[in-house]
Amino acid sequence: MNASYSTLIGALDLAQRLHDPDWVVFDCRFDLANPAFGHQAYLDGHVPGAFFLDLDDDLSSAKTGRNGRHPLPDPARLAARLAACGVSNHSQVVAYDDAGGMFAARLWWLLRWLGHHRVAVLDGGLQSWLSLGQPLDSTLPEAQQRTYTLSLRSERVDADYVLEHLGSADMVLIDARSPDRFRGENEALDPVGGHIPGAINRFFRDNLDSKGCFKQPSVLREEFGALLGAHGPRQVIHQCGSGVTACVNALAMEAAGLPGSRLYAGSWSEWCADPSRPVARGSA
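It should be emphasised that the depicted structure is a prediction, and the values quoted were computed from it without experimental measurement.

Engineer: Quick rundown of the sheet that holds strand β3 (residues 51-52)? Include the residues and the values.
Structural biologist: Read from one edge to the other, the open sheet built from five strands follows the order β1-β5-β4-β2-β3, with strand pairing classed as parallel. Because the sheet does not close on itself, it has two edges, and the strands there are β1 (8-9) and β3. Relative to strand β4 (residues 92-96), strand β2 (residues 23-27) runs parallel, the two sharing five bridges. Its bridge partner lying in β4, V25 is registered against V94. Here helix α4 (residues 104-114) sits on the sheet and contacts β2, β4 and β5 (119-122); the angle it forms with β5, its principal contact strand, is near 175 degrees.

Engineer: Describe the pattern of salt bridges, listing the residues and the values that go with them.
Structural biologist: As a working rule, side chains carrying opposite charge can pair if their charged atoms are close by. Tallied over the full model, the rule gives 14 salt bridges. For D190, the salt bridge is made with R69, and the minimal N-O distance between the two is 2.7 Å. Remark: R69 occurs in the loop between β3 and α3 (75-84) and D190 occurs in the loop between α7 (179-183) and β8 (200-201); sequence separation between them is 121 residues. Taking the relative accessible area as the measure of exposure, D190 reaches 8% and is therefore buried. Exposure remark for R69: the relative accessible area of 18% places this residue in the buried category. A salt bridge links R112 to E254; the shortest N-O distance between them is 3.6 Å. Remark: E254 occurs in helix α9 (residues 246-255) and R112 occurs in helix α4; sequence separation between them is 142 residues. The pair formed by R112 and E254 is uniform in burial state, with each residue classed as buried.

Engineer: How would you summarise the environment of V94 if you had to cite specific residues and measurements?
Structural biologist: On the secondary structure map, V94 appears in strand β4. The buried category is assigned to V94, whose relative accessible area is 0%. For V94, the residues in contact, after removing those within four places along its chain, are I9, L14, W23, V24, V25, F26, A120 and L122.

Engineer: Quick one: what's the story with the sheet that holds strand β10 (residues 262-264), residue by residue and with numbers?
Structural biologist: Within the open sheet, the five strands sit side by side as β6-β10-β9-β7-β8. Their pairing is parallel. Sheet topology places β6 (156-157) and β8 at the edges, where each strand pairs with a single neighbour. Note that strand β9 (residues 236-239) and β10 share two bridges and pair parallel. When the bridges of β10 are listed, H238 appears paired with L263. Of the strands in this sheet, β7 (172-175), β9 and β10 touch α9, which is tilted by about 145 degrees from β9.

Rules used in this analysis
- Residues numbered from 1 in each chain as written.
- Predicted model: local features only at pLDDT ≥ 70, side-chain atom pairs only at ≥ 80, totals over all residues.
- Heavy atoms only, no water.
- Pairing = 2+ DSSP bridges.
- Helix = DSSP H or I, 4+ residues; strand = E, 2+ residues; numbered from the N terminus.
- Contact = heavy atoms within 4.5 Å.
- Axes fitted to C-alpha atoms, helices over the stretch in contact; angles between N-to-C directions.
- Salt bridge = Lys/Arg side-chain N within 4 Å of Asp/Glu carboxyl O.
- Buried < 20%, exposed > 50% of the residue type's maximum accessible area, 1.4 Å probe, protein only.

If you want it as structure tokens, here you go:
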């Protein structure tokens, strides 16, 4: 297995493995403004053999108003859903979307959390697939039920951890939201604008080149190195609005050869739901 398949895979490489029974592909398309978009787009046409996973229904759990907009799914429930789609502990999983990897990276991170390393994101997404003349299919695939055994890893931290480490040299908090939302401007998704004090901003789209593919590992390593300084990757905590686009930064660090960063999944939407937690505005 090519080591690069633990992070990113090109469209031509994927096309050559579509009929491999050990490979399972997932369409993760979603639209935050129109939650029904992804499934309809999948029905209209998807990578042949791909299954669909919905951000709200499959890759998140129920919201309480205090746990963020996309709480992490129950691991056992997610594992059962994956097994029903033919994923075993030995499967190579590939996730794609049409939004710069922002939803596919969520599945990538979730599988890593479950202890599954054979998972990659389609570099350039569906746009790259189509630009190379690869076909779409509207046929719904038939899955062979598999068995999947959990082996949860310590890939995440909670709000208490972040609060306890505010101002500490032991934590580098990286916020993946757009710069205006980070500053507390134009906030349309959450009731409070701003960011967690001490966070630094790395817009998730800054990991992509002009073609919508991830930048070269050497470039990503240099850019993240400028953010980290003397800190190690394990000291990095990723967050965003709801724990989705932060996964793109985590994926980019892995692709750059900087493994070990963690996710604050509740992110800003959970953080700002508690008025006792501090809020910062403006540039970092």
